[in-house]
Amino acid sequence: MPKSKKLFDSAKKIIPSGVSSPVRYFEPYPFFVKKAQGSLIWDEDGSEYVDYCTGYGAMILGHRHPQVISAVQKQLNTGTLYGAPTALEVELATLIKKAYPSMQKIRLVNTGSEATMTAIRLARGFTKKKKIIKFEGCYHGAHESMLVRAGSGLAGISVSDGIPDDFTKNTIVVQYNNSEQLDKVISKNKDIAGVIVEPVLGNMGLILPEKNFLHDMRKMTKQAGIPLIFDEIITGFRMGLGGAQEHFGITPDITTLGKSLSNGFVISAVGGKKEIMDQLAPGGKVYEASTFAGNPISVAAGIASIRTMSTLKSKIYPKLAKQCLTLAKSIHESATKYGIQHQVNAIESMFQIFFTDKPVTDYASSKRADGKKFHKLFHSLLNEGIFVAPSQFETGFLSYAHTESDLDKTIHAYDYALRQVRQ
Ligand SMILES: *Cc1c(COP(=O)(O)O)cnc(C)c1O
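Quick caveat: nothing in here was measured; it's all calculated off a predicted structure.

## What to know about the site of the ligand
Then step 1. Around the ligand, the neighbouring residues are Thr111, Gly112, Ser113, Tyr139, His140, Gly141, Glu198, Asn203, Asp231, Ile233, Ile234 and Lys259.
Then step 2. Contact distances for the ligand include 3.2 Å between a nitrogen atom and a backbone N or O atom of tyrosine 139.
Then step 3. The separation between a nitrogen atom of the ligand and a polar side-chain atom of aspartate 231 is 2.7 Å.
Then step 4. When the residues that make up the shell around the ligand are grouped by side-chain class, the tally is three nonpolar, six polar and three charged.

## Structural notes on the sheet that holds strand 16 (residues 396–397)
Then step 1. Strand order in the open sheet made by the three strands is 13-14-16, with antiparallel pairing throughout. Strand pairing shows two members of the sheet lacking a second neighbour, strand 13 (343–347) and strand 16, which therefore form its edges.
Then step 2. Bridging between strand 14 (residues 350–354) and strand 16 involves two bridges; their strand directions are antiparallel. Paired with methionine 350 across the bridge in strand 16 is phenylalanine 397.
Then step 3. Contacting strand 13 and strand 14, helix 11 (residues 313–337) runs over the sheet at an angle of about 10° to strand 14.

## Thoughts on the environment of phenylalanine 31
Then step 1. Relative to the helices and strands, phenylalanine 31 resides in the loop between helix 1 (2–14) and strand 1 (33–37).
Then step 2. Along the backbone, phenylalanine 31 and leucine 81 are 50 residues apart, and their C-alpha atoms lie at a distance of 33 Å.
Then step 3. Sequence-distant contacts of phenylalanine 31, that is, excluding residues within four places in its chain, are made with Met1, Ser4, Phe26, Asp43, Tyr49, Leu382 and Phe387.

## Structural notes on the domain arrangement of the protein chain
Then step 1. Domain annotation for the protein chain reports domain 1 (2–64 + 314–422) and domain 2 (66–311).
Then step 2. Taking only C-alpha atoms into account, the centre of domain 1 sits 25 Å from that of domain 2.
Then step 3. Facing the 32 residues of domain 1 at the interface are 34 residues of domain 2.
Then step 4. Considering only the surface of domain 1 that becomes buried against domain 2, Arg64, Tyr317 and Tyr363 emerge as the three largest contributors, covering 24% of it.
Then step 5. Linking domain 1 with domain 2 are 15 residue pairs in polar contact (both at pLDDT 80 or more), by the criterion used here.
Then step 6. Going through the elements one at a time, helix 11, strand 13, strand 14 and helix 12 (363–367) are the ones with two or more residues in the side of domain 1 that touches domain 2.
Then step 7. At four residues, the largest contribution of residues to the side of domain 1 that touches domain 2 is made by strand 14.
Then step 8. Taken together, the residues that form the side of domain 1 that touches domain 2 break down as 17 nonpolar, 10 polar and five charged.

Rules behind the numbers
Residues numbered from 1 in each chain as written. Predicted model: local features only at pLDDT ≥ 70, side-chain atom pairs only at ≥ 80, totals over all residues. Heavy atoms only, no water. Near = heavy atom within 4 Å. Polar contact = N/O pair within 3.5 Å; in protein donor to acceptor, adjacent residues only side chain to side chain. Nonpolar A, V, L, I, M, F, W, Y, C, P; charged D, E, K, R; others polar. Pairing = 2+ DSSP bridges. Helix = DSSP H or I, 4+ residues; strand = E, 2+ residues; numbered from the N terminus. Contact = heavy atoms within 4.5 Å. Axes fitted to C-alpha atoms, helices over the stretch in contact; angles between N-to-C directions. Domains from an automatic or database assignment. Buried area = accessible area lost by both parts, 1.4 Å probe.

Next up, the structure:
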C-alpha cells in the first residue's frame, strides 16, 4: 500500500501516532480511506474492501445511504449552525422517544463520550451520591471517571496517564455477568449514584449478557433506588429499533445513544426519566452544554436515519440477524475444520471470533484469547478484501447494505484467513 504508507509517514509527523483515534492504528500502518459506498470502502491505493468496521457500528444503513445524504444536502441550503433551537430538534427527540419510551426527556449532544459523561453527572446530581458502578471491560467514552479497569481488586485504577486517583476513586468496577458480585457491592455500599452498563458488551470483543444478568441488575438497582444507565451507544438502533432495552424487555432509568442514531454524522443523545432529566441546566442544577449540540446537519441526518429505520424495520433487522447468523456459523465451521480452538460470539448484527478454548463471558476470558492469531486473521482478511476492526477487542458489524455476494466473499475470505491462522 505505497500511498497509504506515504500518507502515514506524513501523518505521523503532524498527528500523534498518525491517527485521530487510537483504535484506527494497526501494525505496520493503517490504510488511508479514499471513499465509501454502501457496504464497501476503498483505500488510497485503490483496494476495495467489504466493510465490517462500518464506522465502529455507526453505519447501520451502509455508507452514503440516499435518504440520509439527501436530508443533509437539503439542510445545507438553510444553514449549518444557529446557536438557537430548531423545530428539527423537537422532531428528532420525538422520534427517539417513540422508539425508546424510557427516554421521557432527551438532550442532544455530539459524541457518545459526552452522552455518558452527562448521564453519570445526572445520576450523581439526582441522587446526591458519589460512586458509580461500571463493569470490567465496558467502554463508556474517554473521560476521567470511566477510563478505569478493575485488574484484581475493585478499586478504580485508571488505564490512562493524566487521570489522578481522585477522579477514579469513586468508580467501582464489577465483573461483567457477575450478578452476585454486583449484589454484594450494592448491599455493602450506601453511596452509589448509578450503575452504567453496555447491555451487550461490544468493546471487549463481543460479549453477551448471560440469561438473568440484566434482569438481576434491574431488580437490584430498583430495590436500592439506584439509577440504572444503559449505554446503548452501540446497541441503540442496532439490536432492533428499540435497542437492547426493547430486545431484553428492560426499562433503564437513563439511556445513551450514539453511533447508529445518525448513520455517520456527529450526534449522540442522553435521555431518561423526566425527574432525572429535569435536573439539567438551566432548569436544574446539573450543568451540561455544547456549541454544536443539536446542530441542524446532524439532527437532519438523525431524523432521516430513524425514519428510514422505522419504515424498514421489519426488513432491516431480520435480514441483518439472518446474515449475521450465517456468517457466524460459517466462521465457526471453518475454524473447526482447521482444528483451531476458538469461540464465536454473535447477536443480531454483531459478531466476533476469539482464539481461546473457553467461552468468552467477561473481561478476563476475553483477555485470554490469542491476540497474535487475531492479528494474523485481520491481515489475511484485509488481503482478501475484508475490513474488520483491527483489534480483537472490537466487534464486527453488518450493515443493511451488505449483499449476499458480499457475504459469500466474506465467508470464503474467513475460510482462507483461518487456514493461514492455523499455519
Ligand atoms: C463508542 C462508544 C462510546 C463513545 O462514543 P464516542 O462517540 O466515541 O465518544 C461510549 N459507549 C459505548 C458503548 C461506545 O461503543
